[in-house]
Amino acid sequence: MIYPIVKYGNPVLEKPAETVTVFDEELQKLINDMFESMWAAQGVGLAAPQIGIGRRIAVIDVTFKEDPKAKLVLINPEIIHSEGRHTQSEGCLSIPDFRENVTRPNQVTVRAQDVHGRVFEKTGDELVARALLHETDHLNGKLYMSHLSALKRDLMKRRIRKLMKAGEW
Ligand code: NI
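Conventions and cut-offs
- Residues numbered from 1 in each chain as written.
- Predicted model: local features only at pLDDT ≥ 70, side-chain atom pairs only at ≥ 80, totals over all residues.
- Heavy atoms only, no water.
- Donors = N, O, S within 2.8 Å, 3.2 Å for Na, K, Ca; no water.
- Helix = DSSP H or I, 4+ residues; strand = E, 2+ residues; numbered from the N terminus.
- Buried < 20%, exposed > 50% of the residue type's maximum accessible area, 1.4 Å probe, protein only.
- UniProt positions renumbered as here; feature names shortened; annotations may be inferred.
- Contact = heavy atoms within 4.5 Å.
- 1 Å grid on protein atoms, 1.4 Å probe; cavity = no way out; pocket = protein on both sides within 12 Å on 5 of 7 lines; lining within 4 Å.
- Points joined across faces, edges and corners; volume = space filled by probe spheres on them.
- Nonpolar A, V, L, I, M, F, W, Y, C, P; charged D, E, K, R; others polar.
- Pairing = 2+ DSSP bridges.
- Axes fitted to C-alpha atoms, helices over the stretch in contact; angles between N-to-C directions.
- Expected span 1.5 Å × (residues − 1).
- Polar contact = N/O pair within 3.5 Å; in protein donor to acceptor, adjacent residues only side chain to side chain.

A few words on the coordination of the nickel ion. Bound to the nickel ion are the protein donor atoms C92 (SG), H134 (NE2) and H138 (NE2), situated 2.0 to 2.2 Å from the metal. Counting residues between consecutive donors of the nickel ion along the chain gives the motif C-x41-H-x3-H. Remark: H134 occurs in helix α2 (residues 126-139) and C92 occurs in the loop between β4 (86-90) and β5 (100-104); sequence separation between them is 42 residues. Comparing C92 with H134 shows no difference in burial state: the two are buried.

Right, here's the structure in full:
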């Protein structure tokens, strides 16, 4: 099933998501649906709140289906180490048609659970690090605009409000 993507303005995006405690078939199905929904929206990462589900689940595929081994499922993820700094243009499926430069650590290690509940750690750099941070932020109710300067963030929010008023959001 392909879920519609929830956009900025929906409170589910700014609320910390709930810890997953049950690792069953329903969870596996939801994860499959999240990959399908992410690809359908041309994304490389998707967090459950972005389909209106406030649970700590995220999927990532920075190769966009090229490499099946690149598929990452993160349940209850936590960033346990980060280093370096890297600035790059970043977007979000929930904030369509906007992109901004965001400075983030260049290498991070995440600790998470897989679909069976097994704990694992994954270290990634550059685009993978950015995706791990961006999606973990989502599960903490945080959007990438929170990493921008107040000036840039307010400008972005103003432009979005204008689109909302025009019925174009
Ligand atoms: Ni996002």
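It is worth spelling out the UniProt feature "active site" (unreviewed entry) in the chain at this point. UniProt tags E135 as "active site" (unreviewed entry). Positionally, E135 belongs in helix α2. What makes E135 buried here is its relative accessible area of 4%. Those residues in contact with E135 that sit more than four places away from it in its chain are G45, L46, A47, Q50, A58, V59 and I60.

The next thing to look at is the layout of surface pockets. The rolling of a water-molecule-sized probe over the atoms marks out the regions of remaining empty space. Size it by volume and the largest pocket reaches roughly 400 Å³. V44, E90, G91, C92 and R99 are the residues nearest the centre of the largest pocket, which is lined by 19 residues in total. For the lining of the largest pocket, the elements supplying multiple residues, two or more each, are β4 and α2. The element that contributes the greatest number of residues to the lining of the largest pocket is α2, accounting for 6 residues. In terms of residue class, the lining of the largest pocket is made up of 6 nonpolar, 9 polar and 4 charged.

Below, the discussion takes up the sheet that holds strand β2 (residues 57-60). Taken together, the 5 strands give an open sheet; going across it, the order is β1-β2-β3-β6-β7, and neighbouring strands pair in antiparallel fashion. The sheet terminates laterally at β1 (45-47) and β7 (119-125), the two strands that pair on one side only. Pairwise comparison of adjacent strand axes, ignoring direction, gives a mean angle of 35° for this sheet. Bridging between β2 and strand β3 (residues 72-83) involves 4 bridges; their strand directions are antiparallel. By the bridge assignment, I60 is partnered in β3 with L72. Running over the sheet, α2 touches β1, β2, β3, β6 (107-113) and β7 and is turned about 125° from β7.

In this section: helix α1 (residues 25-40). Owing to its 3.6 residues per turn, the α-helix brings residues three or four apart onto one side. For α1, spanning 16 residues, the distance from its first C-alpha to its last is 22 Å, which sits close to the expected 22 Å at 1.5 Å a residue. In this structure, the buried side of α1 is in contact with β1, β2 and β3. Looking at where α1 begins, the residue whose side-chain oxygen comes 3.3 Å from the main-chain nitrogen of E26 is D24.

Note on placement: Q88 falls in strand β4. Along the backbone, Q88 and T103 are 15 residues apart, and their C-alpha atoms lie at a distance of 6.6 Å. The residues contacting Q88, other than those within four sequence positions of it, are E100, N101, V102 and R130.

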